[in-house]
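Summary of structural features
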Amino acid sequence: MNDNMKKYLEVFETMFQVDEAKAKTLNYQDVVAWDSIGHMDLIATLEDTFDIEMETNDIIDFSSFEKGVEILRKYGIDLGK
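Here we summarise the structure given alongside this text. From a predicted model like this one, the values you see are computed outputs, not experimental measurements. (Residues numbered from 1 in each chain as written. Predicted model: local features only at pLDDT ≥ 70, side-chain atom pairs only at ≥ 80, totals over all residues. Heavy atoms only, no water.)

This part takes up the packing of aromatic side chains. For the structure shown, the criterion picks out eight aromatic pairs. The interplanar angle of 80° and the centroid separation of 5.6 Å between the aromatic rings of Phe-12 and Trp-34 together place this pair among those described as edge-to-face. Here Phe-12 is found in helix α1 (residues 3–16), whereas its partner Trp-34 is found in the loop between α2 (20–25) and α3 (36–50), with 22 residues between them in sequence. Judged by centre distance (5.0 Å) and plane angle (75°), the rings of Phe-12 and Phe-65 are edge-to-face. Taken together, the positions of Phe-12 in helix α1 and Phe-65 in helix α5 (residues 65–74) put the pair 53 residues apart, joining distant regions of the chain. On the basis of relative accessibility, which here comes to 0%, the residue Phe-12 falls in the buried class. One aromatic cluster is present, built from ring pairs that chain together Tyr-8, Phe-12, Phe-16, Tyr-28, Trp-34, Phe-62 and Phe-65. (Phe/Tyr/Trp six-rings, centres within 6.5 Å; stacked < 30°, edge-to-face > 60°. Helix = DSSP H or I, 4+ residues; strand = E, 2+ residues; numbered from the N terminus. Buried < 20%, exposed > 50% of the residue type's maximum accessible area, 1.4 Å probe, protein only.)

Another aspect to go through is the side chain of Asp-58. Note on placement: Asp-58 falls in helix α4 (residues 56–61). A polar contact of 2.4 Å, which involves the side chain of Asp-58, links it to the side chain of Tyr-75. Setting aside anything within four residues of it in sequence, one finds Asp-58 in contact with Ile-71, Lys-74 and Tyr-75. (Polar contact = N/O pair within 3.5 Å; in protein donor to acceptor, adjacent residues only side chain to side chain. Contact = heavy atoms within 4.5 Å.)

What follows deals with the pattern of salt bridges. In the structure shown here, the tally under the stated rule is four salt bridges. The residue Lys-74 makes a salt bridge to Glu-55 at a minimum N-O spacing of 4.0 Å. Separated by 19 residues along the polypeptide, Lys-74 in helix α5 and Glu-55 in the loop between α3 and α4 bring together distant segments of the chain. Lys-74 sits in the exposed class, given a relative accessible area of 51%. A salt bridge links Lys-67 to Glu-70, with the shortest nitrogen-to-oxygen separation between them at 2.9 Å. Here Lys-67 pairs with Glu-70, and both are found in helix α5, just three residues apart, close to one helical turn. (Salt bridge = Lys/Arg side-chain N within 4 Å of Asp/Glu carboxyl O.)

Okay, here's the thing in structure tokens:
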């Protein structure tokens, strides 16, 4: 697991108070904390963590841990395999 994936996982684990296994399968609204406000907090944290600014469509499409991996790769973030 590379450093960027570790950072990505840590954001999910910390923000949503889940373990790594749960984080990797998480979808929007699977946990109470990932509501609309939690979603914007997640986006802001990821933007700060990876020094990017996501487009509106990507923010809207960011519906799961896996979708987030796909979106971050679009911004040149290497999350490994």
